[in-house]
Amino acid sequence: MIKVKRVYEPEEPDDGKRYLVERLWPRGMKREALHIYEWLKELAPSPELRRWFGHDPSKWSEFQQRYRAELARADASLLQELVKEARQGNVTLLYSARDTEHNNALVLKSFLEEQL
């Protein structure tokens, strides 16, 4: 199962392996506090796409399309690792955006679930 969670939410026993899926390190967070298995910044939206989107809900649909196109060109081994881990147990994708309804982790989750 794949879960999505803000980095500022506490770790829970059923989180499984926790992956940070942001290009930038979250403000005010120490690595030890996140309890992450791995930081997959390579799977985060490009800086250009992130700046263009700016968490503007009116751009959400277009952002999803553009980000999915980036994911289709991403390192397949990283994506396959996440799919494999999700088949074996829980995986939590951590994001730092305040917007819980329009963020890259939701798009990545959907993209990965299509491969499960």
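See the structure shown above.
As the structure is a computational prediction, the values presented were derived from the model and not from experiment.

K.L.:
Before we move on, can you summarise the packing of aromatic side chains with the specific residues and values?
P.N.:
Applying the stated criterion to the full structure yields 6 aromatic pairs. Centre to centre, the rings of Trp60 and Phe63 are 5.9 Å apart; their planes meet at 25 degrees, and the pair counts as stacked. Placement of both Trp60 and Phe63 in helix 3 (residues 60-72) is noted, with a separation of 3 residues, approximately one turn of the helix. Looking at Phe63, the relative accessible area reads 2%, which means it is buried. Ring geometry for Phe63 versus Tyr67: centroids 5.7 Å apart, planes at 25 degrees, classification stacked. In this pair, Phe63 and Tyr67 are both assigned in helix 3, 4 residues apart and thus about one turn of the helix distant. Accessibility classification places Phe63 together with Tyr67 in one group, the buried group. Here a set of aromatic residues connected by ring pairs shows up, and it is made of Phe53, Trp60, Phe63 and Tyr67.

K.L.:
Report on the pairing of strand 2 (residues 17-20), specifying residues and quantitative values.
P.N.:
Sheet topology places strand 2 next to strand 4 (residues 91-95); 4 bridges connect them, and they run parallel. Opposite Leu20, over in strand 4, you have Leu94 as the bridge partner. The pairing of strand 2 with strand 3 (residues 38-39) spans 2 bridges and is parallel. Across the sheet, the residue bridging to Tyr19 is Glu38, located in strand 3.

K.L.:
Now, about the packing of helix 4 (residues 76-88) against helix 5 (residues 104-113): what can you tell me, with residues and values included?
P.N.:
Any two packed helices are characterised by how steeply their axes cross, that is the angle between the axes, and by the distance between the axes. Where helix 4 contacts helix 5, the axes come no closer than 10 Å and their chain directions differ by 75 degrees. Regarding the angle of helix 4 to helix 5, the classification is roughly perpendicular. Facing helix 4, whose interface residues are Leu79, Leu82 and Val83, helix 5 presents Leu108, Phe111 and Leu112. Grouping the amino acids of the contact of helix 4 with helix 5 by side-chain chemistry returns 6 nonpolar, no polar and no charged.

K.L.:
Which residues make up helix 5, and what values go with them?
P.N.:
For helix 5, the full list of buried residues reads Asn104, Ala105, Val107, Leu108, Phe111 and Leu112. Take helix 5 and look down its axis: the buried residues cluster within an arc of 160 degrees, on one side only. Next to the buried residues of helix 5 lie strand 1 (2-6), helix 3, helix 4 and strand 4.

What counts, and where the lines are drawn
- Residue numbers restart at each chain and count upward from 1, following the sequence in its written direction.
- Side-chain atom pairs in this predicted model are given and counted only at pLDDT of 80 or more, local residue features only at pLDDT of at least 70, and totals for whole chains, interfaces and linings cover all residues.
- Note: side-chain values were computed over all heavy atoms of the structure, leaving out hydrogens and water.
- Within 6.5 Å between ring centres, the rings of Phe, Tyr and Trp (the latter by its six-membered ring) count as paired, and their orientation is classed by plane angle as stacked under 30 degrees, edge-to-face over 60, tilted in between.
- Each helix is a run of DSSP H or I of at least 4 residues and each strand a run of E of at least 2, with the numbering of both proceeding from the N terminus.
- Exposure categories follow from relative accessible area, calculated using a 1.4 Å probe and restricted to protein chains: below 20% of the type maximum is buried, above 50% is exposed, and the middle band is partly exposed.
- Strand pairing is defined by DSSP finding a minimum of two bridges between the two strands.
- Interaxial angles span 0 to 180 degrees and are taken between N-to-C directions of axes, which are lines fitted to C-alpha atoms, for helices over the stretch in contact.
- What sets the label is the angle itself: under 35 degrees gives roughly parallel, over 145 gives roughly antiparallel, 65 to 115 gives roughly perpendicular, and the rest give oblique.
- Should any heavy atoms of two residues lie within 4.5 Å, those residues are counted as being in contact.
- Polarity classes work like this: nonpolar for Ala, Val, Leu, Ile, Met, Phe, Trp, Tyr, Cys and Pro, charged for Asp, Glu, Lys and Arg, and polar for all others, with Gly in that last group.
- This arc describes the spread of directions from the helix axis toward the C-beta atoms.

Keep in mind that these numbers describe shape and distance, not what the molecule does.
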